[in-house]
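As a plain string of letters, each chain reads:
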Amino acid sequence: MPAPLWEVFIRSKRGLSHNHVGSLHAPDAEMALRNARDVYTRRMEGVSIWVVPSAVITASSPDEKDSFFDPAADKAYRHPTFYSIPKEVQQL
Amino acid sequence: MTLVVAGAAAVYTLRIADDCLVLSHRLAQWSSWAPTLEDDVALTNIALDLLGQARVMYARTAELDGTGRSEDDYAFMRDEREFVNCLLVEQENGDFATTIVRQLLCSTYQLAQWQALTSSTDEQVAAIAGKAVKESAYHRDHATDWTLRLGDGTEESHRRMGSALAALWPFTAELFESDAVTRDAAGLGIGPDPDALRPAWDAYIKRALSDATLTVPETTWRPTGGRQGLHTEPFGYMLAEMQHLHRSFPGVTW
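Residues numbered from 1 in each chain as written. Chains lettered and ligands numbered in written order. Predicted model: local features only at pLDDT ≥ 70, side-chain atom pairs only at ≥ 80, totals over all residues.

Undergrad: Would you explain the packing of helix H5 (residues 96–117) of chain B against helix H6 (residues 123–151) of chain B in this entry?
TA: Packed helices, taken two at a time, are described by their axes: the angle between them and the distance between them. Residue and element names in this part refer to chain B. At a minimum axis separation of 7 Å, H5 and H6 run at an interaxial angle of 150°. With respect to each other, H5 and H6 are oriented roughly antiparallel. Between H5 and H6 lies a crossing of left-handed hand. Tallied by class, residues from the contact of H5 with H6 come to 15 nonpolar, nine polar and one charged. (Axes fitted to C-alpha atoms, helices over the stretch in contact; angles between N-to-C directions. Helix = DSSP H or I, 4+ residues; strand = E, 2+ residues; numbered from the N terminus. Parallel < 35°, antiparallel > 145°, perpendicular 65-115°, else oblique. Left-handed = near helix turned anticlockwise from the far one by under 90°. Nonpolar A, V, L, I, M, F, W, Y, C, P; charged D, E, K, R; others polar.)

Undergrad: Sorry if this is basic, but what is going on with the interface of chain B and chain A here?
TA: One widely used convention gives an interface's size as the accessible area the parts lose upon coming together. Contact residues are listed per partner, giving eight residues for chain B and 11 residues for chain A. For the side of chain B that touches chain A, the elements supplying multiple residues, two or more each, are helix H2 (37–65) and H6 of chain B. For the side of chain B that touches chain A, the element with the highest residue contribution is H2(B), accounting for four residues. (Contact = placed C-beta atoms within 7 Å.)

Undergrad: Can you help me understand the nonpolar core in this one?
TA: Side chains of nonpolar character tend, in soluble globular proteins, to be buried together. Judged by nonpolar contacts, the single largest core of 64 residues is most densely connected at Ala17(B), Cys20(B), Leu88(B), Ile100(B), Val101(B) and Leu105(B). Apart from the residues within four sequence positions on either side, Ile100(B) is in contact with Ala143(B), Trp146(B), Thr147(B) and Leu150(B). If you look at the next biggest cluster of nonpolar residues, it comprises 10 residues, including Trp6(A), Ile10(A), Ala26(A) and Met31(A). (Core = buried A, V, L, I, M, F, W, Y, C linked by C-beta atoms within 7 Å. Buried ≥ 20, exposed ≤ 12 C-beta atoms within 10 Å, placed from the backbone.)

Rendered as structure tokens:
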């Protein structure tokens, strides 16, 4: 029986959020974390790792794409385009 | 302090470099053969850490022995009898359990050694040790994790870990042997007396094995000789494989 699948999220530096980088197999969470360290951070990609069992992720379905996402397409007033963002703000 | 062995410091650093290189090559032999992709990467990462440690220790050895030899000269141009690694690191990979047991025994030793070397009177060695401590700590964690899972895993994994331990345990006695070289190195403050590393090693290994429901084998056989260049049979084959490309095409790069 293959080991369970885990999704790996890595924070590349302080202040940024964790991003999904890929997945891997591991028998348990501790081993998943170590495997993630070995597979995904060997070139200094991160300062923090999350691993999440793939089985607990509830994903939106491609079939629902239209009802989920299309209605947002013509709602320009939801974008904060009327504010000017200070140059000093690097990450927003 | 009078030196008993000419160039004791260089021989001492060479032993550490050889331990790292040989263990590195053994782990590299797992490349594309490990049970899972994840551990394929983990074992070869550890191999690369050890190769890095070997390289800087060869570079330091070349300064200490005054020969100015290159890292490649040490790795590829010496014959079996000139290698002074311990016998444990050269033992064959066997099954995954054997590799994990060897790694647990070696990493625990190397970590204790690097920790002691951080206060070496040789400033370069101390600086190298400061970086290597972090790497070896991870190697030991990795091996400990697997030891726990395999020892306290299935009937088969427990049996395999037991056989691996029985086969490799006799080779651990050599790690703590003293001779003129280690006594000179200790006298000069370059490195620890090997025997001083024993209590910490014993304590850690015994706890790791007992957590993994494994027991320390009873044995009186204590093979030795690696530090004098007398190696076990598989080592020659390993060197032949490791060195043949460099010797067939001298100076080859890629």
